[in-house]
Structure formats: C-alpha cells, structure tokens
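Working through the structure, step by step
Listed here are the chains, written in short residue letters.
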Amino acid sequence: MKRRCEEGRNRGDDPATLSANCKDVLNYITKPIGNVSTMDASHFIYENVPDNDSFNDLFTKSDRLSELRSALHISKTDAFAKTNSTVAGAIVDRENNAASVYTELLSRGLTILINVGNYDMKDGVRGTLEWIKQIDFDGREMFDLQPRKVYRYYDQFTGHNNVGGWYRHHENFTAIVVPQSGHMVPAYKPYVTMKLVEDLISKGHLSCETESNGSCGSVAADMCNYMNNCSGNGSCNSYGKCECSSGFYGADCSTTVTDLT
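Here the residue numbers are simple positions, counted from 1 along each chain's written sequence. Given that the model is predicted, a residue must reach a pLDDT of at least 70 before its local features are reported, and side-chain atom pairs must reach 80 or more before they are shown or counted; all residues, however, enter totals for whole chains, interfaces and linings. For side-chain calculations, the full set of non-hydrogen atoms in the structure is used, while hydrogens and water are omitted.

**With respect to the pairing of strand E4 (residues 173-178)**
For every residue, the accessible area (1.4 Å probe, protein chains only) is compared with the maximum for its type, and the residue is labelled buried under 20%, exposed over 50%, or partly exposed between those bounds. Counting from the N terminus, the helices are the DSSP runs of H or I reaching at least four residues and the strands are the DSSP runs of E reaching at least two. Most of E4 sits out of view: 6 of its 6 residues are buried. Side chains of E4 alternate between two faces, with Phe 173, Ala 175 and Val 177 and Thr 174, Ile 176 and Val 178 buried alike. As paired elements, strand E1 (residues 112-117) and E4 share 6 bridges and run parallel to each other. Residue pairing in the sheet places Gly 117 in a bridge with Val 178 of E4. At least two DSSP bridges between two strands are required for those strands to pair. Taken together, the 5 bridges between strand E3 (residues 161-170) and E4 define a ladder with antiparallel strand orientation. Residue Tyr 167 lies in a different strand from E4, and its bridge partner there is Ile 176. Counted along the chain from E3 to the antiparallel partner E4, the turn is 2 residues long, and its residue Glu 171 has a positive phi close to 55°.

As structure tokens, this is what we get:
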C-alpha cells in the first residue's frame, strides 16, 4: 500500500486514485481496530483517568463489606491494601512463572481472558502478545489462526456504539487489547471490564450486544481488501494475511522474485 501511494505520482495516477491509495495506508491501520483513531487511542483525556475512588470505596466503605469479605475469604481485620509486598517479594520472575500457571489452568478447563491496555507503558501490547506465546494449551495453533474481531458495546451513559477492544478467541482462551487504557485495564475501563466478565460468565465467550446475534465482526476480509486481495498472486488466509504463490512475495504478493542465476 505504501509503495502504491509513493509511486502513484510517477505512474501518473489521477488525483482520485492517488488519494485513495494513500488513504488506504491509514485505513489499514484503523480498520482492524474498529476505526479507533490511533492518536485518540494513545492519549488520555480527563474522562479516562483511573477510577481509584470507586475501587477503594468498594473495599472500605461498601454497605455490603462483610458480604464481600466473606466471598473473598478475607478473615483478617487489617486495613485494606491494594498490594501485598510479602507476596510480591516471594515471587521470582513472575512473568515467566505465570506462563506455566496459565498453561496449567487452561488444561483444567478454566476460562481465561487476558486483557492489555493499548496505552500500557509497563508491559506494552507487543510485549504482552509475545509473552502469550509462552502459554501452551490444546488448540494453541488454532488460536493463532483465529481472525481478529472487534468487541463492541453500548455506552452506559450515552448509549453510543463503542469499541471495547479487538481480540482473538479459541475455546476457553481469549486475549483482548483495550483502547484508551493503561496497564490496569479494570481501573481505566471499569465498565468495559464488567461487560467482558459478564460475557465470559454467561456465555463462555465475548458477545457484541450491538449485534442481533451477538457475533462480533471479523476484520480479516477488510485486511485482505486493503492488501488488494493479494494482487491475484496468492490467497488470503483466515486471519487476513496473504499467502503468496510461488514467484511472488510481499504483504500484498505484488512483488516478483527475480532469478539472478
């Protein structure tokens, strides 16, 4: 796409074609994430600050505090603290150890959702997705072949159709990237987090309430379209990437292999 845009003037493309080819570059970036602007997704506004007060009040001032403590099996009467230095200090190399723990939990049939904030400056989206590759489970290969889907929900105040994230899912494992969120997704996006948990509890998978059948849309077809449907020199796979025929390569299979022998 970038090459088509840059070479358009030299080819003498008309202004409309030139504009469309260059716009496709940004469209390809925004379409797979539900048309959330990459600029908006990486900047906080005053409405997106962590809701620490509600979290603290839940464990300190709630009129159902005793019921909450009982449900969480809290027997100590010490003051509430969000972190535990003793536990943290006893865990060495937590990230690596956690991968094997997730592997074991998935083998037991537990449903697991991993969410990562798009503005996570601690682990980052790329870092988290690479770490997820360490988690092994039945159907691991099928998970990697799943198309990216866009999770949508209705805003609780405005009723607007919002994007809650983009995700992959297979069987009892789901990984979702949440826009306009930092490292602690439940703190930055409490309502979205609640909707995600409700879906997993009631349905076992994410469900888009904006769709009549609850099915969240895949962006694989859009990704293939922006790759010019592999330029007729390959086929688009299940998750929106071109698999080029012999003699061709590149993201859109438009580049030919030159035989230098």
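Let's pick the thread back up.
**With respect to the packing of aromatic side chains**
Geometry of aromatic contacts follows a simple scheme: Phe, Tyr and Trp rings, the Trp one being its six-membered ring, pair when their centres are within 6.5 Å, and the pair is stacked under 30 degrees between planes, edge-to-face over 60, tilted otherwise. Summed over all chains, the structure comprises 5 aromatic pairs. Seen in terms of ring centroids, Phe 137 and Phe 173 are 5.1 Å apart; in terms of plane orientation they differ by 55°. Their pairing is tilted. With Phe 137 in the loop between helix H8 (125-132) and helix H9 (140-144) and Phe 173 in strand E4, this pair connects stretches of sequence that are 36 residues apart. Judged by centre distance (6.1 Å) and plane angle (50°), the rings of Tyr 153 and Tyr 191 are tilted. Taken together, the residues span a long stretch of sequence, with Tyr 153 in strand E2 (residues 149-154) and Tyr 191 in helix H11 (residues 190-202) at a distance of 38 residues. According to the relative accessible area criterion, Tyr 153 is buried, its value standing at 6%. Classification of Tyr 191 by relative accessible area gives partly exposed; the value is 22%. Ring pairing ties together the aromatic residues Phe 137, Phe 143 and Phe 173, which thus form one cluster.

**Description of H8**
Among all positions in H8, only Val 125, Thr 128, Trp 131 and Ile 132 are buried. On an axial view of H8, the arc spanned by its buried residues comes to 130°, and they lie on one face. Read the arc as the range of directions from the helix axis to the C-beta atoms.

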